[in-house]
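# Results of the structural survey
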Amino acid sequence: MIDAAELTDNDFLRQFELKVEDKLAKIEYALQDRKIFLTKLIIPDSIQSEDFEEEFLTLVFENIAERNISVVPTSPEIAKFIRRHRKYKKMLPVGIRI
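One structure accompanies this document, and this report is about it. Owing to the predicted nature of the structure, the values given are computational and were not obtained by experimental measurement.

## Section: unusual backbone geometry
In the Ramachandran plot, Arg 34 falls in the positive-phi region, its phi being about 60 degrees despite a non-glycine side chain. Residue Arg 34 is classed as exposed on the basis of its relative accessible area, which comes to 53%. Positive phi values are uncommon outside glycine, yet Asn 68 reaches one of about 60 degrees. In this fold, Asn 68 is placed in the loop between helix H1 (50–67) and strand E5 (70–73).

## Observations regarding the packing of H1 against helix H2 (residues 76–84)
Viewed as axis vectors pointing N to C, H1 and H2 meet at an angle of 85 degrees, and their least axial separation amounts to 11 Å. In terms of orientation, H1 lies roughly perpendicular with respect to H2. Residue-level inspection shows Glu 53, Glu 54, Leu 57, Thr 58 and Phe 61 of H1 in contact with H2, the latter providing Glu 77, Ile 78, Phe 81, Ile 82 and Arg 84. Considered class by class, the residues forming the contact of H1 with H2 number five nonpolar, one polar and four charged.

## Examining the sheet that holds strand E4 (residues 35–42)
Spatially, E1-E2-E3-E4-E5 is the arrangement adopted by the five strands of the open sheet, whose pairing is mixed. Looking at strand neighbours, the two that pair on one side only are strand E1 (7–10) and E5, the edges of this open sheet. Strand-to-strand twist across the sheet, computed as the mean angle between neighbouring axes with direction ignored, equals 30 degrees. In the packing of H1 onto the sheet, contacts are made with E1, strand E2 (15–20), strand E3 (23–32), E4 and E5, and the angle to E2 comes to roughly 140 degrees.

Conventions and cut-offs
Residues numbered from 1 in each chain as written. Predicted model: local features only at pLDDT ≥ 70, side-chain atom pairs only at ≥ 80, totals over all residues. Heavy atoms only, no water. Buried < 20%, exposed > 50% of the residue type's maximum accessible area, 1.4 Å probe, protein only. Helix = DSSP H or I, 4+ residues; strand = E, 2+ residues; numbered from the N terminus. Axes fitted to C-alpha atoms, helices over the stretch in contact; angles between N-to-C directions. Parallel < 35°, antiparallel > 145°, perpendicular 65-115°, else oblique. Contact = heavy atoms within 4.5 Å. Nonpolar A, V, L, I, M, F, W, Y, C, P; charged D, E, K, R; others polar. Pairing = 2+ DSSP bridges.

So, in structure tokens, the structure goes:
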């Protein structure tokens, strides 16, 4: 189980980061007009697993939900995550369908 305190929002590089076993998993984003565009999911092969990806994305979505920002997934992995977890569909801006 990943601890939420380990998640970092690196404003300078515009990415969410999570360090595990000296490896860095990240989600690159662009922030624009109360919308966050999640553009790229990068997880090193040594820590890649479906469970890790689920936990990492859940942490990121909970963090974004606290800020009350709409999410626009441009990465296929992130769009797939939203399809599997319907509770996050409410975070999509009006007119965006997945």
